[in-house]
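A structural walkthrough
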Amino acid sequence: MVELKWNDQAQKLGAVATFLDIPVTASPHNSLKSSKGVIHSSNLRCCSEEEMVEELSGVTHARRIKVPREEEEEEEMGEKEKGEEDKEEEEEEKREKEKEKKKKKKKKDSEDEEKE
């Protein structure tokens, strides 16, 4: 790897085919002159990641980022709360059933005592 300051140096180096009788090729580094960024455009909503790479000049990689909207977050929170409420109701029903069982057993025990 060679770092150059001027474009004319890069052009001259690109024309070199051998160095000390060793065949060489010179080309710009793909990632050193690149940067990462985020593009937000409603026009790209219908494009696939592959189409974005093909159609946008200078883009070498594209990835969609899903950002949850407030409504979606509220729905998810509501579902969690609903799930918690369902659990609480189930637990309450279990407690009630246990109480009923105890009452029936107590009643049966008292009836058995009266018979004796």
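Procedures and definitions
- Residues numbered from 1 in each chain as written.
- Predicted model: local features only at pLDDT ≥ 70, side-chain atom pairs only at ≥ 80, totals over all residues.
- Heavy atoms only, no water.
- Helix = DSSP H or I, 4+ residues; strand = E, 2+ residues; numbered from the N terminus.
- Areas by Shrake-Rupley, 256 points an atom, 1.4 Å probe, with all protein chains shown as cover.
- Salt bridge = Lys/Arg side-chain N within 4 Å of Asp/Glu carboxyl O.
- Buried < 20%, exposed > 50% of the residue type's maximum accessible area, 1.4 Å probe, protein only.
- Patch = residues over 30% accessible without salt bridge, like charges linked within 9 Å, V, L, I, M, F, W, Y side chains within 5 Å.
- Lys, Arg positive; Asp, Glu negative; His and termini not counted.
- Charge placed at Lys NZ, Arg CZ, Asp CG, Glu CD.

Turning our attention to the overall build of the chain. Within the chain, the regular secondary structure consists of 3 helices and 2 strands. Counting from the amino terminus, the chain carries its helices and strands in the arrangement α-β-β-α-α. Accessible surface, the chain: about 12400 Å² in total, of which carbon and sulfur atoms supply 49%.

In this structure the tally under the stated criterion is 3 salt bridges. A salt bridge links Lys99 to Glu96, with the nearest nitrogen and oxygen atoms 4.0 Å apart. Of the two residues, Lys99 and Glu96 both sit in helix α3 (residues 70-115), 3 residues apart, roughly one turn of that helix. With a relative accessible area of 38%, Glu96 lands in the partly exposed category. Asp109 is the partner of Lys105 in a salt bridge, and the nearest nitrogen-oxygen pair spans 3.6 Å. Residue Lys105 and its partner Asp109 are both found in helix α3; the two are separated by 4 residues, about one turn of the helix. In this structure Lys105 comes out as exposed when scored by relative accessible area, which is 53%. Take Asp109: its relative accessible area is 36%, and that puts it in the partly exposed class.

This part is about a negative patch on the surface. Where like charges cluster on the molecular surface, the negative patch consists of Glu84, Glu85, Asp86, Glu88, Glu89, Glu90, Glu91 and Glu93. Following the sequence through the fold, Glu90 ends up in helix α3.

Time to look at the environment of Glu49. Among the structural elements, Glu49 can be located in helix α2 (residues 49-55). Residue classification places Glu49 among the partly exposed residues on the basis of a relative accessible area of 29%. With 14 residues separating them in the primary sequence, Glu49 and Arg63 have C-alpha atoms 6.1 Å apart.

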